[in-house]
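Topology and contacts: notes
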Amino acid sequence: MASITIRDVRKSYAKIEVVHGVNLDIASGEFVVILGPSGCGKSTLLRMIAGLEEISDGTIAIDGAVVNKLEPRERGCAMVFQNYALYPHMSVAQNIGYSLKVAGVPAAERVQRIQAVARILELEHLLDRKPMALSGGQRQRVAMGRAMIREPKVFLFDEPLSNLDAKLRVQMRSEIRKLHRRLSATSVFVTHDQVEAMTLADRLVVMNGGRVEQVGTPAQVYSRPASRFVATFVGAPAMNMLEGTVTLEGLSLLGGSRRLAVSRAGLPVGSKVAVGIRPEAVRMVAPGTPGALAATVDLVEELGAGRVVYVDLDGAPFSVVTSETVHPEPGSAIGLQFAESDLHFFSSETGSRLDVFKASVPEPAL
Amino acid sequence: MEKRVTFGKWTIGILFAVPQLILIFTFFYWPAGQAVYWSLTLQQPWGGGNIWVGLDNFRSILANADYWNSITASLVFAGISTGLAMLIALVLATLTDRQLAGSRLYRVVLIWPYGIAAPALAMAFRFILAPEAGFMAAVNKVWPGFWDPGLNGADAMASVIIAFSWKYVGYNFIFFLAALQAIPRSLIEAAAMDGSGVIRRFWDIQFPLITPTIFFLLVINITESFQDSFGIVDIMTAGGPANATNLMVYKIYSDGFKGLDYSGAAAQSIILMLLIIVLTIFQFRFIERRVHYR
């Protein structure tokens, strides 16, 4: 078990900087998920922790010791790769036991430890098979076993579930979570899948364009996104964003065609803002209800447990998630209502959060 | 289900195959058949009929010590030059695969030797390795008499081996590099995470995964070393000194076209063909077992 301290870490390829000074503290035994779109530098950051990429600037310390110049093997990390990276010419047992063999562990002890790991991962009957003869989920488990057997200080996961089908992904997700509870080793998990991120993380790190946008518990990130990017990236369907201007009465939205009477609490009149509202926080009401925004239904997506209703708000796309058993007809007029406390305000220029209103969810202590 | 495009009439398929079949027949089966026929007869040196002699040609060749010397020389040449060409190529390819500076350049430059005709490169090496004026003259100045391929059979053999290997290093390099680059980078990284160093990674991961290529090159190199060596030997040593570099393929030429013993030369080429066939079967039977196909 180990803590990881990342200080001002930068990464450049030739002259192009892809990670622009990341600071992050990962506590011992914590499960941290780095979430971001592809190309945001999340994998690069993970690979720098692993020692597979050189650190251009800044320091990474594991358990207080700076590891910048250490070889991967000297850092005490184990990694699960996206494509599993199993050795195709070795059997499952050889794959799992390779690190022990390299470390010179005697054969008898090796067999014992391979057996123990195989038992946890239910791979005992597959030990003699080659990776070719395994299914995706089994390969995934072998890759996990290969990481586990070393009893590493830190587990690194580089999008390990993205090659699995949806059902298996959910299953492996909970297995990884269970495994973490059992081993309680510090884990860093990189993904672009926000559901995966929300369900796995003790703490979520949202990255974009080589920068950390927000660090917090999944609930914090969801309820108080620190930037416009985080707001639209976390949550599905994405948070609705409407451009607006602060007026004396409240807000003027969509170039003045809609007005919203909200308290402007501190924001200077005339400032440009982006107003965010989660699709889950919107209620559909009869058209013409006082205070509601009028809109036209575009499309209804049936999810079984609920529906996503896509509406048109003077040309701006807007979505509503509802679990009520209403089936609005495409083309029909409806009204949209929401609580003032559910609105998120972001600066139109910088995209950062403007804290006008109190968060609707109290912040859990870390 | 796999869908196959097939020809409606089998005759169309045959028509497409005919040009290739004509080529193979004209340039392989016909001459090979002729060689077999000649080897069983005694040809007049200046034409005009032949006499059926059965296996007499083979008997007289195999009773000749010069011929056994030629087989030995060929096997030594094949073994050392194949080993050298493959080993050097593998080392170069491994270094290039690790993306050392200039690796893009090597990739292009190293294939060139293979494009040079054997006699031309032999001429170049004849100058380079000339004991009185070439590169080795400097060595001879320090240790007089150290290098003299004109008198010393071992030196002569070394010369032709060096020239031949030089040509095939480039060829092997391209195949090795392609094989190494086909190994997913994440496998190497996974091995690095597992604590394996550069050398260990090579033996545990890269080497087993390129065994199909190694096997392929082994077969090609050995086969070529029996056949493609002719031009090099002819220019550099002409089989000398004292038959030290009189490889089988060169002896066929000198016996046939200089000694005008067509029948004996034909019998030798049949033996050479059988030897290559046997060696290839042997490689497929015993070495291929150790190959990991993915």
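Keep in mind it's a predicted model, so treat the numbers as computed, not measured. (Residues numbered from 1 in each chain as written. Chains lettered and ligands numbered in written order. Predicted model: local features only at pLDDT ≥ 70, side-chain atom pairs only at ≥ 80, totals over all residues.)

Remarks on the interface of chain B and chain A
- With 16 residues of chain B at the contact, the number on the chain A side is 17 residues.
- If you list the elements that add at least two residues to the side of chain B that touches chain A, you get α9 (185-193) and α10 (198-209) of chain B.
- Of the residues forming the side of chain B that touches chain A, the biggest block, six residues, is contributed by α9(B).
- Its residues placed into classes, the side of chain B that touches chain A shows eight nonpolar, four polar and four charged. (Contact = placed C-beta atoms within 7 Å. Helix = DSSP H or I, 4+ residues; strand = E, 2+ residues; numbered from the N terminus. Nonpolar A, V, L, I, M, F, W, Y, C, P; charged D, E, K, R; others polar.)

Comments concerning the domain arrangement of chain A
All names here are of chain A.
- The domain boundaries assigned to chain A delineate domain 1 (4-228) and domain 2 (237-352).
- Once you take the C-alpha centre of each, domain 1 and domain 2 turn out to be 39 Å apart.
- Its residues assigned to classes, the side of domain 1 that touches domain 2 shows two nonpolar, one polar and one charged. (Domains from an automatic or database assignment.)

Topic: the nonpolar core
- Core analysis: the biggest nonpolar cluster contains 153 residues, and V33(A), I34(A), I49(A), L156(A), V205(A) and V160(B) have the highest contact counts within it.
- In terms of residue count, the dominant contributor to this core is helix α8 (residues 153-181) of chain B (15 residues).
- The two domains that each donate at least three residues to this core are domain 1 (4-228) and domain 2 (237-352) of chain A.
- Apart from the residues lying within four places of it in its own chain, the contact partners of V205(A) are L24(A), V32(A), V33(A), I34(A), L35(A), V212(A) and V215(A). (Core = buried A, V, L, I, M, F, W, Y, C linked by C-beta atoms within 7 Å. Buried ≥ 20, exposed ≤ 12 C-beta atoms within 10 Å, placed from the backbone.)

As for the pairing of strand β4 (residues 57-62) of chain A
All names here are of chain A.
- Judged from the five bridges that link them, strand β1 (residues 4-13) and β4 form a sheet pairing that is antiparallel. Its bridge partner lying in β4, R10 is registered against D57.
- In terms of strand pairing, β4 meets strand β5 (residues 65-66) through two bridges, oriented antiparallel. By the bridge assignment, I62 is partnered in β5 with A65.
- With antiparallel pairing between neighbouring strands as the criterion, β4 and β5 make up a hairpin whose turn holds two residues, including D63 at a positive phi of roughly 55 degrees. (Pairing = 2+ DSSP bridges.)

With respect to the sheet that holds strand β15 (residues 283-285) of chain A
Residue and element names in this part refer to chain A.
- Taking strand neighbours across the sheet as the criterion, the five strands line up as β15-β19-β16-β17-β18 in an open arrangement whose pairing is antiparallel. Edge positions in the sheet fall to β15 and β18 (316-322), since each of these pairs with one other strand and no more. Neighbour to neighbour, the strand axes of the sheet diverge by 45 degrees on average, direction disregarded.
- Where β15 meets strand β19 (residues 333-337), three bridges bridge the pair, whose relative direction is antiparallel. By the bridge assignment for β19, V285 is matched with G335. (Axes fitted to C-alpha atoms, helices over the stretch in contact; angles between N-to-C directions.)

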